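Descriptive structure summary
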Amino acid sequence: MKKLFKTIVRCIPIHVKPAMLFICCAIGCLFLQLPATAQVKANTTISGKVSTMLGEALAGVTVHVKNTSSTTTTDATGNFTINAAADAVLEISYIGYVNQEVPVAGKTSLIIVLEVSANTLNDVVVVGYSSQRKAAITGAVASVNMRDLDKRRVPDVAQLLQGQVAGVQVTQSTGAPGDGINITIRGVGTIGSSSDPLYVVDGLPTTSISFINPADIQSIPVLKDAAAASIYGARAAGGVIVIVTKSGKKGKSTIDINYFNGVQKVANLPTMLNASQYMNKMEESWNNSGNTGVNPYTTDKGRTDLANTDWLHELFVLGRSQNLQVSASGGSDKVQYLMSAGYYGQNGIVIYDNDQFKRFSFRTNVNANLTDRVTVGTNLQISNSIQDKISSSGDAPGVIRHAFLRPPVIGVYKDVTDPTYRAADPYTDLPFYAQNVAANGGSWNGGANKYEFASNPIAIAKYTNDKRSNLKTFGNVYAEIALLKNKELKLRSNLGVDLDMNHNKAFNKNYGDDDGGGSSLDAGTGRQNRPTNLNEERGQQTTITFTNTANYTKKIDQHSFNVLLGTEYITNYSSGISASRARFGNTDSGFQYIDFGAFPQDLWNGGAASEWALFSLFGSVNYNFDNRFFATASLRQDASSQFAANNQHALFPSFSAGWRISQESFMKDVDWISDFKLRASTGKLGNQSGLNNYNSLSIYDPQGTLIRYGNPDLKWETTNQNNIGIDLGLFKNKFSISADYFKKTTSDLLLPLGLPRVVGDVKPTIVNSGTVSNTGFELALGYRNYEHAVKFSINANAATVTNKVEKLNANLPNIYGQVSKTEPGHPLNSFYGFKMTGIYQNQQELDTYLNGAPHPDVKPGDIKFQDVDGNGIINDNDRMYLGNPNPRFNYGSNLSASYKGFDLNVLLQGVSGVEKYNDLKKIIDYDTRPFNHTVATLNAWHGEGTSNTVPRSTFNDNGSSRVSSIFVEDASYFRLKNIEIGYTLSNLFGKTKAVFQDVRFYVSAQNLFTVTNYTGLDPEAYNMFDQGTYPQSKAFLFGINIKL
Amino acid sequence: MKSMYKKILAAMLIISMFSCSKELHRTPIGIITEGIPPTHESILFSVKSSYQLLSNTLNIIGEWGWDDGTVLRNDFILQDIASGDMQKKWSPDGDQAWMDQFSDFSFTSSNSGVKGQWSYDYAGIARANLAISYLTDVSTITNLGIDDAKRKYLLGQVYFLRAFYYFDLVNLYGDVPLLLAPLKNFNDAYNVSVRETKANVYVQISKDLVEAKALIPGGKFSDDSEKWRVSKGAVLAMQAKVALYNKQWTEVISTINEIEALNYYSLNANYFDNFSIAKEYAETEVIFSYNHQSLTTPRSGNGLCALLGWGFVAPTTNFINAFEANDPRLGYTVTGQDVYKYLGELNGNNKGNDDAASNKIYIRWADVMLWKAEALNETGSYPAAIAIINQIRARARNTVTVAGTLPPAGTLPDRNVASVSKDEIQGWLMQERRVELGFESQRFNDLKRWGVAKTFLTGLGKNFQDKNYLYPVPQGEIDRSGGTITQNTGY
């Protein structure tokens, strides 16, 4: 009978197993009804497997025989064996899952399926130098659901957090492979500093996490408020993101292989004018520009050598990405290990292979229990990443930008019959170069240009050769000793190293047509990258972190205490050298080194170094009364070499308290409330990221000229943050709500204070002045239902942030940016300029409106701006606030569902209430040069009443040169960030285990659709000033995950 | 057992605190944080760098700071565009619209050009002040082994330069802060941010020029190996110009007589020799210019030529029409879309070159002669005044045109030497200055000091108001000073 049962179990396909659970239990119950005489009291070996409802094996699950000391954990394939009596009961527990009691009931093989717990209150969360049970946390700490994150196929850990946590805004700076990810927690509270969070990776503070392979992550708690983050003191004002990497588990060795391969495709491109539309538009503009004589475009329309190039179509191709991750882990009672290797490679959507990103990562983790009380361990990762730096944010040479600008009448390649055609550089450059040169007696006549000098984006893509590589070694060794009778005191010493080596190399090879410009040395060479040049930089940065903590836990009756004391010492040394050369005799790859460019005018070498140190003392006390009242106090003192001599020490205290009302006796009868907690916190945080190493000192150049005056009173920025929150679990925690309200006030901002220019050309002195506030409300909701065959859960979050500059400085009443102004009473970097109110329809309207001064250059069809001071003159005094680049509302939602072996995961994410300055639109549709336009300009004003929104087409300034509301656009968006469908074949070969145990196949799509009114390429791109960003693409992936 | 715990605890704490305080107070590396004592080289550099703000080299201050008006010196905008001679580009467009605001006088105190010129002049003054502080510290100079003759020659140059920058400032902005020494710390910046009256600034300008005159050695060049340095003639010419702008006519005449007595300068036979790269420092007319050179490290080329390549610098029709028939000077000023005066060659090769060798000319003998003519006219010496104007015209008509031929007979005839009408002569003078010195950044100052700016410019349909006799003080400067620097009336 038993044997038969086992056979049945083994033969059941994995996808029906969840359903079988009920049957198993029922059968188990039947067995219990058998006469007792049939049972043998002696212990037998029981084997079993623990998996999720989706059939995924669970490793590290604690299996305990009730009322005995016998305990084991499952191995990486979820299997366990344990000795127990036939009538024993096994207690199965695993973080994040509902605990189960399983009667052995005489069986020797058990299939156990754990249900995901919405009640994660017993989860232990790493909150800095210690861990806390989630139920006891009184600060605003968000722990991300790793099961959802596992379904994101992204190269950067920071991207995992997108849309997952209320109040954590994650933005990809551009869509280019390897470009940075920005994380802002609870709004930007600084001007001269970075608002990036501090990352703590396996206990080591760091400012970057892009080197980490996302597949190596175990958990990512986010410390949002002061109570949670203040233990990190002067570096925690942007919040703290704790990253815990995976570690080995006791049990059988396992190998895990994950591979995916995908394609990316550009999306949301605007429609540009084709060749004939372009020629008509240029003809119209010429006629509207006060020109007389024969319209050259009218003449040119008859040309037969005009191309009809769709530059965007030429530039963007399919991108490719692939990822391979292999990890092995296992361990005994004494030693547990994990090792992993990963490769991620992406070749982006711009033509040719000069927009790639590759990362190789290796990681080992070993923990050894030397004795019952002494543990030592190490985490070590080596990561090598290589990124092609392509002009991804509209910066020069502007590969994306030029694809918009370049007239469609020019072909991509020169004709082979063109006398200026060269096989090595077949691209067109200056418009109709050969014809122009021939007509002008052998040299380029720039003045007679009708098609503007926009570069050939295909040639830019081809000749971009700028590699940024980074080799990073990051890790720690630690020892922990547990003292006192019940191991109440734990001393831990952690030594970390972060060794970072950068190498940037850009070889800019000369190409293009000779426009006669440049230095006399370069006569006859092309106008692009003139002369050929090489820039190379190497830098090295070493950070050593030495942390020592003592952690004491004590429980006396209903009082629990946890006391932490620690010291931390961090030292950083960085140095770099760089050199550049130009005019290379031979530009082949074998000669692209400094030695081969030695023209005396172009020798340039540089080198520098700097260092800093931080020494800190910290401590915290957690108090828990009867699981009802909780309180935490913490204090950190930082002494930093970056602070000025007059301000060397900083103190950062915090206090928080919580009341778990659901534990009170008067709540016991309220069935539908399973958990109810109120939280409040207050504390102080610092930000010193705006301080360079020697900002407090005056600095001079080697000739003795002052570069900047120092400020001997300089100190960190101080952020005071108050938070109140509520955590609510309803209906057995099926439904959960977490809400927070915060007010974050940053004062003593590190402001670069430009001195009056009368003192000469000196750089701004950094002073502590000014205040910025951020207030917001955050809400996270969760719902799960696993009671039916289709099981699903939904997590949703939303957050508001209101940003406001409270105060600046008497000598800095406002800060102007290119298109923005920062001043008290308004959000940071608010857009500031002229407000368009319409189009002048006729001369009379114009004369009446602009009655303050002669205005010979303004014509009907030009843009009408609001005359704020009403004096009949439009000048700088008529500027006003036009928008706010700080997102006011962020939201995200994760849906996961499963049915038998199928699973589905969907991530939706959006931002609402944010404006962006679409400078690309300005240069495409509103510039005065004969660039190509979008089809929007086909609706241009062409006579009274024809348009009140699109001004006349002209090569004169129709008002569009002004910073104006025309280019300030609503950049709200709602995006299907990710959707993944998987199918798992589990336990394929059963105990025989020929090749592999579990296989999961999946397909995934990213950015499948975007809802936005923004007319630029990507509403998500980080820059508030959008010059034509490398767009995020739609991606489709196929992957396979194998567990051996 | 317990004592062992204590030992471990204590040891850990000691280890971690051990290295701390020492590490937090290390000597800075990779940076110079103390004012280092001047060396021979740094003193020479301080003088040379004081000239730099007179150049058209791109990005002397900042990097492509168009919004700050600091990409290059703004004289051509604040003088030539504002005077209605020049317009921003050949085809009007929206690029650098702040430049157009000088065409129609719609600029406000936040205009980039107004900001940029202020920054340039004060940066020059700060550098000169540093050099002066070095060179007036006689004991340091002696210790460094710099002989007194050299000290004087260097000091004279920087006194001149400081006066030159202040002279530009008072003409543009009126009362301006007067700084005469480097600051010790940043708080001092606020103490000196107060406007001094124009009269007092002029007192300082005169004083600096008197010093310079006494210090700079004689000779056409103060240094035959570095002919670009300030010469005695340049100092005298500057004194004459200061007198002219203050309507001290007799002083103008006497100072220019003093220059004439030196016998260094005369009109070049060919008008273009003033501007030709080939003739730099080998001709007789240029008194003070900035020595642009190609291919130097750091760069010292003329970047205005790059702007020409981008379509900037175009004449207005009114300016072209101001030239009399066949005047060869027009061709050297504007031919096709080339400004040969700026390019330094009679071809477009330098157009677009951001590193051209053509010098920027500040004072040349024809200019000085016309000052004298003006002073003579003002003091009733009409025939002498007319004679000078006729000399200028004679040189012009005897210059070959760009095409290499002499203009037809009857071109630029002599003015009537018998005229005794001061106004008529003044009219001739104004006309002659406009065409002789076209695009040389003299015109707007001339219109203002003659008191005709409003009449002339409103006649061209421009919105010139009385307030425009001075430019606004940059708003950023008022803000940065916390309001201790005040704004000019009307802005």
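Criteria and cut-off values
Residues numbered from 1 in each chain as written. Chains lettered and ligands numbered in written order. Predicted model: local features only at pLDDT ≥ 70, side-chain atom pairs only at ≥ 80, totals over all residues. Helix = DSSP H or I, 4+ residues; strand = E, 2+ residues; numbered from the N terminus. Rg over C-alpha atoms; globule rule 2.2 N^0.38 Å. Buried ≥ 20, exposed ≤ 12 C-beta atoms within 10 Å, placed from the backbone. Contact = placed C-beta atoms within 7 Å. Pairing = 2+ DSSP bridges. Axes fitted to C-alpha atoms, helices over the stretch in contact; angles between N-to-C directions. Expected span 1.5 Å × (residues − 1). Core = buried A, V, L, I, M, F, W, Y, C linked by C-beta atoms within 7 Å. Parallel < 35°, antiparallel > 145°, perpendicular 65-115°, else oblique. Left-handed = near helix turned anticlockwise from the far one by under 90°. Nonpolar A, V, L, I, M, F, W, Y, C, P; charged D, E, K, R; others polar. pLDDT = per-residue confidence, 0-100.

1. Notes on the overall build of chain A
Looking only at helices and strands, chain A features 13 helices and 54 strands. Relative to a compact globule of 1044 residues, whose C-alpha radius of gyration would be 31 Å, chain A shows 33 Å and is just as compact. Once the C-alpha set of chain A is aligned to its principal axes, its extents read approximately 115 × 65 × 65 Å.

2. Digging into the overall build of chain B
Counting its secondary structure elements, chain B contains 22 helices and 6 strands. For the C-alpha atoms alone, the extent of chain B along its principal axes is close to 120 × 55 × 45 Å. A burial count over chain B gives 52% of its 491 residues as buried. Of all intrachain contacts in chain B linking residues separated by at least 6 positions in sequence, the fraction that spans at least 24 positions is 70%.

3. Points about the sheet that holds strand E41 (residues 820-822) of chain A
All names here are of chain A. If you trace the 4 strands from one edge of the open sheet to the other, you get E40-E41-E42-E45, paired in antiparallel fashion. Each edge of the sheet is formed by a strand with only one pairing partner; in this case those strands are strand E40 (815-816) and strand E45 (880-883). The sheet contact formed by E40 and E41 spans 2 bridges and is antiparallel. By the bridge assignment, Ile815 is partnered in E41 with Thr822.

4. Remarks on the sheet that holds strand E5 (residues 89-93) of chain A
Residues and elements named next belong to chain A. Taking strand neighbours across the sheet as the criterion, the 4 strands line up as E3-E2-E5-E6 in an open arrangement whose pairing is antiparallel. Strand pairing shows two members of the sheet lacking a second neighbour, strand E3 (71-73) and strand E6 (100-103), which therefore form its edges. With strand direction ignored, the average angle separating the axes of adjacent strands in the sheet is 25 degrees. Sheet topology places E5 next to E6; 4 bridges connect them, and they run antiparallel. Bridge pairing in E6 links Glu91 to Glu101.

5. Focus on helix H10 (residues 198-215) of chain B
The end-to-end C-alpha distance of H10(B), which contains 18 residues, comes to 26 Å, matching closely the 26 Å that a straight helix rising 1.5 Å per residue would cover. Tucked into the core, H10(B) has its buried residues touching helix H8 (148-173), strand E2 (176-177), strand E3 (195-196) and helix H11 (232-245) of chain B.

6. Some thoughts on the interface of chain A and chain B
The interface is formed by 71 residues belonging to chain A together with 66 residues belonging to chain B. Those elements that place two or more of their residues in the side of chain A that touches chain B are strand E24 (489-508), strand E25 (533-556), strand E26 (559-582), strand E27 (604-625) and strand E31 (699-700) of chain A. Tallying contributions element by element places E27(A) first for the side of chain A that touches chain B, with 6 residues.

7. A closer look at the environment of Phe456(B)
Residue and element names in this part refer to chain B. Structurally, Phe456 is set in helix H21 (residues 453-459). Under the C-beta neighbour-count criterion, Phe456 is labelled partly exposed, with 16 such atoms within 10 Å. Separated by 32 residues in the primary sequence, Phe456 and Glu424 have C-alpha atoms spaced 16 Å apart.

8. Overview of the pairing of strand E1 (residues 44-52) of chain A
Residue and element names in this part refer to chain A. Relative to strand E4 (residues 79-84), E1 runs antiparallel, the two being bridged by 6 bridges. By the bridge assignment, Thr44 is partnered in E4 with Ala84. Note: E1 against strand E7 (residues 109-114), 6 bridges, orientation parallel. Residue pairing for E7: Ser51 is matched across the bridge by Val113.

9. What to know about the nonpolar core
Nonpolar side chains in soluble globular proteins tend to be buried together. Core analysis: the largest hydrophobic core is formed by 217 residues, its most contacted members being Ile243(A), Val158(B), Phe160(B), Ala237(B) and Val368(B). No other element matches H8(B), which puts 15 residues into this core. Beyond its immediate sequence surroundings of up to four residues, Val368(B) is in contact with Ala237(B), Ala240(B), Ile256(B), Ile259(B), Ile287(B) and Ile363(B). Counting 36 residues, the second largest nonpolar core, distinct from the first, contains Val266(A), Tyr297(A), Phe316(A) and Ala403(A).

10. Quick look at the packing of helix H3 (residues 40-51) of chain B against helix H6 (residues 112-135) of chain B
All names here are of chain B. Orientation of H3 relative to H6, taken along the N-to-C sense of each, is 150 degrees, at an axis distance of 8 Å. With respect to each other, H3 and H6 are oriented roughly antiparallel. Crossing angle aside, the handedness with which H3 passes H6 is left-handed. Where H3 approaches H6, its residues Ile43, Ser46, Val47, Ser49 and Ser50 are matched on the opposing element by Gly124, Arg127, Ala128, Leu130, Ala131, Tyr134 and Leu135. Its residues assigned to classes, the contact of H3 with H6 shows 7 nonpolar, 4 polar and 1 charged.

11. Digging into the confidence of the model for chain B
Looking at chain B as a whole, the pLDDT averages 93, with 95% of positions reaching at least 70. Here the predicted complex scores 0.86 on pTM and 0.89 on ipTM.

12. Considering the environment of Glu845(A)
With respect to the secondary-structure elements, Glu845(A) resides in helix H12 (residues 843-849). In this structure, the C-alpha to C-alpha distance between Glu845(A) and Phe1038(A), residues 193 residues apart in sequence, is 61 Å.

13. As for unusual backbone geometry
Residue and element names in this part refer to chain A. A cis amide bond links Ala396 to the next residue, Pro397, at an omega of -5 degrees. By secondary structure assignment, the location of Pro397 is in the loop between strand E22 (374-388) and helix H9 (399-405). Within the chain, Ala105 stands out as a residue other than glycine whose phi angle is a positive 50 degrees. The residue Ala105 is located in the loop between E6 and E7 in this model. One non-glycine residue, Arg186, adopts positive backbone phi at about 60 degrees. Along the polypeptide, Arg186 turns up in the loop between strand E12 (181-185) and strand E13 (198-201).

14. Quick word on the environment of Ala97(B)
Residue placement: Ala97(B) occurs in helix H5 (residues 97-100). Each C-alpha atom, one on Ala97(B) and one on Ser254(B), is 44 Å from the other, the two residues being 157 residues apart in sequence. Once you skip the residues sitting within four places of it in the chain, Ala97(B) turns out to touch Asp957(A), Ser961(A) and Arg962(A).

15. Some remarks on the packing of H11(B) against helix H12 (residues 249-262) of chain B
In a pair of packed helices, the angle between the axes and the distance between the axes together describe the arrangement. Residues and elements named next belong to chain B. Two elements in contact, H11 and H12, have axes whose closest approach is 8 Å; the angle formed by their N-to-C orientations is 165 degrees. Classified by the angle between their axes, H11 and H12 sit roughly antiparallel to one another. Relative to H12, H11 is oriented so that their crossing is left-handed. Residue-level inspection shows Gly233, Leu236, Ala237, Gln239, Ala240, Ala243 and Leu244 of H11 in contact with H12, the latter providing Glu251, Val252, Thr255, Ile256, Glu258, Ile259 and Leu262. Among the residues making up the contact of H11 with H12, the classes are represented as 9 nonpolar, 3 polar and 2 charged.

16. Quick notes on helix H6 (residues 275-287) of chain A
For H6(A), which comprises 13 residues, the first-to-last C-alpha distance of 18 Å matches the rise-based estimate of 18 Å (1.5 Å per residue) to within 8%. On the buried face of H6(A), the contacting elements are helix H7 (296-300) of chain A.

17. Some remarks on the confidence of the model for chain A
When pLDDT is averaged along chain A, the result is 87; 94% of the residues meet or exceed 70. Ignoring residues within four places in sequence, the model shows residues 1-40 of chain A, a span with pLDDT below 50, making 35 contacts including any to other chains.

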